[in-house]
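# Observations on the model geometry
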Amino acid sequence: VGHCHPDVVKAAYEQNQLLNTNSRYLHDNLVDYADRLSKTLPEKLCIFYFLNSGSEANDLALRLARQYTKHEDVIVLDHAYHGHLTSLIDISPYKFRNLEGQKEWVHVAPVPDTYRGLYREDHEDSVTAYADEVKNIIEQAHKRGRKIAAFFVESLPSVGGQIIPPAGYFQKVAGHVHKAGGVFIADEIQVGFGRVGKHFWAFQLQGEDFIPDIVTMGKPIGNGHPLACVATTKEIAAAFAATGVEYFNTFGGNPVSCATGLAVLDVIEKEHLQAHATEVGNFLMKLLKDQQIKHPIIGDVRGCGLFIGVDLIKDQAE
């Protein structure tokens, strides 16, 4: 919402003068903030865990998925990056390919990229073709006695090249994953909070009939203040609570963080930042497409709101 936004700075400052404590002590800000966030999400995503960073959020999402499904394996997209903890480096091809390599419980699916990927714009049904790649991975894993806990994906792959997955892809993948007993985790850490303009959450670009089982958020949630969140269903949260090992995070959801988060939501609403992202994004896309006509090095211009990618190439045909 802008560097040192005065409303956000003021909210944090004022709460800091009153009380900041660990989250074992109950405070209205936590409940008020969860309530406000819940209004932006589909109804079934109604349980919230607050944390300090996107990496913490994705690590918890992984734990929730494994506890709920009693399975271990994870499917991710090629080139993905989900965070800096050991558990997340393991599911980030962008990182693990330069480190210890791929673990046996990790499966990598091709990015649903219709410009550079396996199945392109001219393919008769790229959505089904890309979803079938996930289905094949699941079948191969089952043959080896492995079981899928989760399909873990950024709603719009960012490090992987600012990719806009074709509409309907998530629905088909979720069908295969659910059938295998797994859950669908949408990582909204870079692309949530109205950045895509049309919607508050990037997964909503796939259509109203698609709802992930777990959503993770970080980065924009606190406008630079360390704040993150995992939203999930009652069923998944209940399976996690049933272990008896409650989730505790000393600073996750502390009063200052929640005051900050509430102020961020106020600013997004008050300053119409979703509409702003749409307007500025459309303007930028138009200018970039004008450049594309002039310069053959620009192969593709794609995006939604203020999530935009320009693909530079050497050869148009290839």
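Each chain has its residues counted from 1, running along the sequence as written. Whole-chain, interface and lining totals are the exception, using all residues; otherwise, since this is a predicted model, local features are given only for residues with pLDDT of at least 70 and side-chain atom pairs are given and counted only at 80 or more. Side-chain metrics in this entry use all non-hydrogen atoms of the structure; hydrogen atoms and water are not considered.

Short version of the rule: UniProt positions are given in the numbering used here, feature names are shortened, and annotations may be inferred rather than shown by experiment.
You'll find the protein chain entered in an unreviewed UniProt entry as AT2L2 lyase, with Poecile atricapillus given as the organism. Taken directly from UniProt, the Cofactor (unreviewed entry) text for the protein chain runs: "pyridoxal 5'-phosphate". UniProt lists a comment for the protein chain under the heading Sequence similarities (unreviewed entry), and it reads "Belongs to the class-III pyridoxal-phosphate-dependent aminotransferase family."

## Examining the sheet that holds strand β6 (residues 214-217)
Applied cut-off: Here, strands pair whenever DSSP counts at least two bridges between them. Every helix listed is a DSSP run of H or I at least four residues long, and every strand listed is a run of E at least two residues long, numbered separately from the N terminus. Every angle, taken between N-to-C directions, lies between 0 and 180 degrees, and every axis is a line fitted to C-alpha atoms, over only the stretch in contact when it is a helix. Only heavy atoms matter for contacts: two residues are in contact if any of them lie within 4.5 Å across the pair.
Reading across the sheet, the seven strands line up as β1-β7-β6-β5-β4-β2-β3 and stay open at both edges, with mixed pairing between neighbours. Both outer strands of the open sheet, β1 (47-51) and β3 (106-109), are each paired with one neighbouring strand and no more. Strand after strand, the sheet turns through a mean of 20° between neighbouring axes, direction not considered. Direction of pairing for β1 relative to strand β7 (residues 228-232): antiparallel, over a ladder of five bridges. Bridged to I47 within β7 is T232. Set on the sheet, helix α2 (residues 28-38) makes contact with β1, β6 and β7; between it and β1 the angle comes to about 120°.

## What about the packing of helix α3 (residues 54-69) against helix α8 (residues 234-241)?
Applicable threshold: Roughly parallel refers to an angle under 35 degrees, roughly antiparallel to one over 145, roughly perpendicular to one between 65 and 115, and oblique to any angle outside these ranges. Charged residues are taken to be Asp, Glu, Lys and Arg, nonpolar residues to be Ala, Val, Leu, Ile, Met, Phe, Trp, Tyr, Cys and Pro, and polar residues to be all remaining types, Gly included.
In the contact formed by α3 and α8, the axes pass within 8 Å of each other and the chain directions differ by 85°. The pairing of α3 with α8 is recorded here as roughly perpendicular in orientation. Of α8, the residues touching α3 (which contributes L60, R63, L64, Q67 and Y68) are E235, I236, A239 and F240. In the contact of α3 with α8, the residues fall into six nonpolar, one polar and two charged.

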